[in-house]
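Structural features, examined
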Amino acid sequence: MAKGITRQRIVEAALEVLDEKGADAVTVRAVASRLDVRAPALYWHVRGKQELLDEMGTEIQRRVMAASAPRAGASPQESLGDYARALRREYLLHRDGARTFSGTRLTDPDVLRAQEPWLEAWTADGVPLETAVDAAELVTAFVVGFVIEEQERAQSAQEDPERYDAESRDAFIGEGAPLVRRTGHLRADPHERFETQLAMVLAGVATRLGE
């Protein structure tokens, strides 16, 4: 085992590679190069790219759970809102964050156990465990999808500033579809859109919990 190489150092190096070069550049070989060791030295800790991504995703989820611990007296919807905002913030800190970390498997049992206070609070309020899980997965899916689109649009706009120009879109659509043309002028600040759409999702959760 290479001296001084730990999983934490590997994850930190992998996040640096991700932020500089994007998701496709994250490989065991690239991370080893960042750490100035040969790739086989990392196989004591990660057996391949998927395990490397799992470790990265676990670190991200650890940070999210720490930032969104249940607040005393918070309703289930408020707790979910805190979680959604923390998840989006963490994803946005990293290039291709949502695309990279979604679908990864948690490798630290403490991160999994951190869900227990949430589930205890929900079930104590009479929410069936299955419903609590469905609500959490729904909110997670919303955040992942929103941030993937948000990050892809932002990166595309950097390469081509005119790509999402509303006037050019109007000309492309032409006459006869005024409502469709208006939609291109309705895209508010992404933070505002996130909050608006999150509120819609949470309203749906509240309706389901009230059944």
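Each remark here, short or long, concerns the structure printed above.
Residues numbered from 1 in each chain as written. Predicted model: local features only at pLDDT ≥ 70, side-chain atom pairs only at ≥ 80, totals over all residues. Heavy atoms only, no water.

Attention now moves to the overall build of the chain. Helix and strand counts for the chain come out as 11 helices and zero strands. For the chain, the sequential pattern of α-helices and β-strands runs α-α-α-α-α-α-α-α-α-α-α. Projected onto its principal axes, the C-alpha coordinates of the chain cover approximately 65 × 50 × 20 Å. Within the span of the chain, comprising 211 residues, buried residues form 39% of the whole. Across the chain, every contact between residues at least 6 apart in sequence was considered, and the portion connecting residues at least 24 apart equals 70%. As presented, the chain carries roughly 12,400 Å² of accessible surface, and 52% of it is formed by carbon and sulfur atoms. Positive and negative side-chain charges of the chain, numbering 27 and 36 respectively, have mean locations separated by a distance of 5 Å. (Helix = DSSP H or I, 4+ residues; strand = E, 2+ residues; numbered from the N terminus. Buried < 20%, exposed > 50% of the residue type's maximum accessible area, 1.4 Å probe, protein only. Contact = heavy atoms within 4.5 Å. Areas by Shrake-Rupley, 256 points an atom, 1.4 Å probe, with all protein chains shown as cover. Lys, Arg positive; Asp, Glu negative; His and termini not counted. Charge placed at Lys NZ, Arg CZ, Asp CG, Glu CD.)

What follows deals with the packing of aromatic side chains. On inspection of all chains with the given rule, the structure shows five aromatic pairs. For the ring pair Phe142 and Phe194, a centre distance of 5.6 Å and an interplane angle of 25 degrees mean the geometry is stacked. On the criterion of sequence distance, the pair formed by Phe142 in helix H8 (residues 129-159) and Phe194 in helix H11 (residues 190-209) is long-range, its members being 52 residues apart. By relative accessible area, which is 1% here, Phe194 ends up buried. With 5.3 Å between their ring centres and 70 degrees between their planes, Phe146 and Phe194 make a pair best called edge-to-face. Here Phe146 is found in helix H8, whereas its partner Phe194 is found in helix H11, with 48 residues between them in sequence. One aromatic cluster is present, built from ring pairs that chain together Phe142, Phe146 and Phe194. One Lys or Arg, Arg88, reaches over the ring of Phe194 and ends 4.8 Å from the middle of that ring. (Phe/Tyr/Trp six-rings, centres within 6.5 Å; stacked < 30°, edge-to-face > 60°. Lys NZ or Arg CZ within 6 Å of the ring centre and 35° of its normal.)

This part takes up the nonpolar core. Core analysis: the largest hydrophobic core is formed by 47 residues, its most contacted members being Val31, Leu42, Met56, Tyr91 and Val143. Elements with a contribution of two residues or more to this core: helix H1 (7-21), helix H2 (28-34), helix H3 (49-67), helix H4 (76-92), helix H5 (97-101), helix H7 (116-124), H8 and H11. Looking at this core element by element, the count peaks at eight residues for H8. Residues in contact with Val31, not counting those within four places in the same chain, are Ile10, Ala13, Ala14, Val17, Leu42 and Leu52. (Core = buried A, V, L, I, M, F, W, Y, C linked by side-chain atoms within 4.5 Å.)

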